[in-house]
Amino acid sequence: MDAANEYYSKLQKYGEEYRKEAFVENNTYEDIESAIIEKISLRDMNWDKKIDYKDLKNIRKYKDTYKFLEQLAPYSEG
């Protein structure tokens, strides 16, 4: 109960930025991105010899997924 109260208190105080930080703190960005890429069998769509969230940019079907990962990317450790 205390943890939930603390989370919602910080969420009220710091807003969406806190939500992103808490999410990535408990799930590394790299793990999140990797799991999504594996789930949708993403290929190197932008020909940069690297498969990452940027390959989703021009795929209409994954527009929301791209935005989600783009918002979390600054919290990447790498």
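The following paragraphs examine the structure supplied in this document. All values derive from a computational prediction rather than experimental measurement.

Thresholds applied
- Residues numbered from 1 in each chain as written.
- Predicted model: local features only at pLDDT ≥ 70, side-chain atom pairs only at ≥ 80, totals over all residues.
- Heavy atoms only, no water.
- Phe/Tyr/Trp six-rings, centres within 6.5 Å; stacked < 30°, edge-to-face > 60°.
- Buried < 20%, exposed > 50% of the residue type's maximum accessible area, 1.4 Å probe, protein only.
- Helix = DSSP H or I, 4+ residues; strand = E, 2+ residues; numbered from the N terminus.
- Axes fitted to C-alpha atoms, helices over the stretch in contact; angles between N-to-C directions.
- Parallel < 35°, antiparallel > 145°, perpendicular 65-115°, else oblique.
- Contact = heavy atoms within 4.5 Å.
- Core = buried A, V, L, I, M, F, W, Y, C linked by side-chain atoms within 4.5 Å.

### A short note on the packing of aromatic side chains
Part 1 of the reasoning: Inspection of every chain in the model, using the stated rule, returns 4 aromatic pairs.
Part 2 of the reasoning: Summarising the aromatic geometry, the rings of Tyr 7 and Tyr 8 are spaced 5.0 Å apart at their centres and angled 80° between planes, so their arrangement reads as edge-to-face.
Part 3 of the reasoning: Judged by relative accessible area, Tyr 7 falls into the partly exposed class, the value being 23%.
Part 4 of the reasoning: You can call Tyr 8 exposed: its relative accessible area is 52%.
Part 5 of the reasoning: For the ring pair Phe 23 and Phe 68, a centre distance of 6.0 Å and an interplane angle of 70° mean the geometry is edge-to-face. Residue Phe 23 is located in helix H2 (residues 16–26), and its partner Phe 68 is located in helix H4 (residues 63–72); the two are separated by 45 residues in the primary sequence.
Part 6 of the reasoning: Taking relative accessible area as the criterion, Phe 23 reaches 34% and is therefore assigned partly exposed.

### Some details on the packing of H2 against H4
Part 1 of the reasoning: The interhelical angle for the contact between H2 and H4, taken along N-to-C directions, is 85°, at an axis separation of 10 Å. Viewed along their axes, H2 and H4 adopt a mutual orientation that is roughly perpendicular. Judged by residue contacts, Lys 20, Phe 23 and Val 24 of H2 engage Phe 68, Gln 71 and Leu 72 from H4.

### Looking at the nonpolar core
Part 1 of the reasoning: The biggest cluster of nonpolar side chains holds 13 residues, and the ones touching the most others in it are Tyr 29, Ile 32, Tyr 53, Leu 56, Leu 69 and Leu 72.
Part 2 of the reasoning: Tallying contributions element by element places helix H3 (residues 29–40) first for this core, with 4 residues.

### Describing unusual backbone geometry
Note: most residues except glycine have negative phi, and most peptide bonds are trans.
Part 1 of the reasoning: The backbone of Ser 41 shows a phi angle near 50°, a positive value even though the residue is not glycine.
Part 2 of the reasoning: Mapping Ser 41 onto the fold places it in the loop between H3 and H4.
Part 3 of the reasoning: Residue classification places Ser 41 among the exposed residues on the basis of a relative accessible area of 56%.
Part 4 of the reasoning: Phi at Lys 49 takes a positive value of approximately 60°, unusual for a residue other than glycine.

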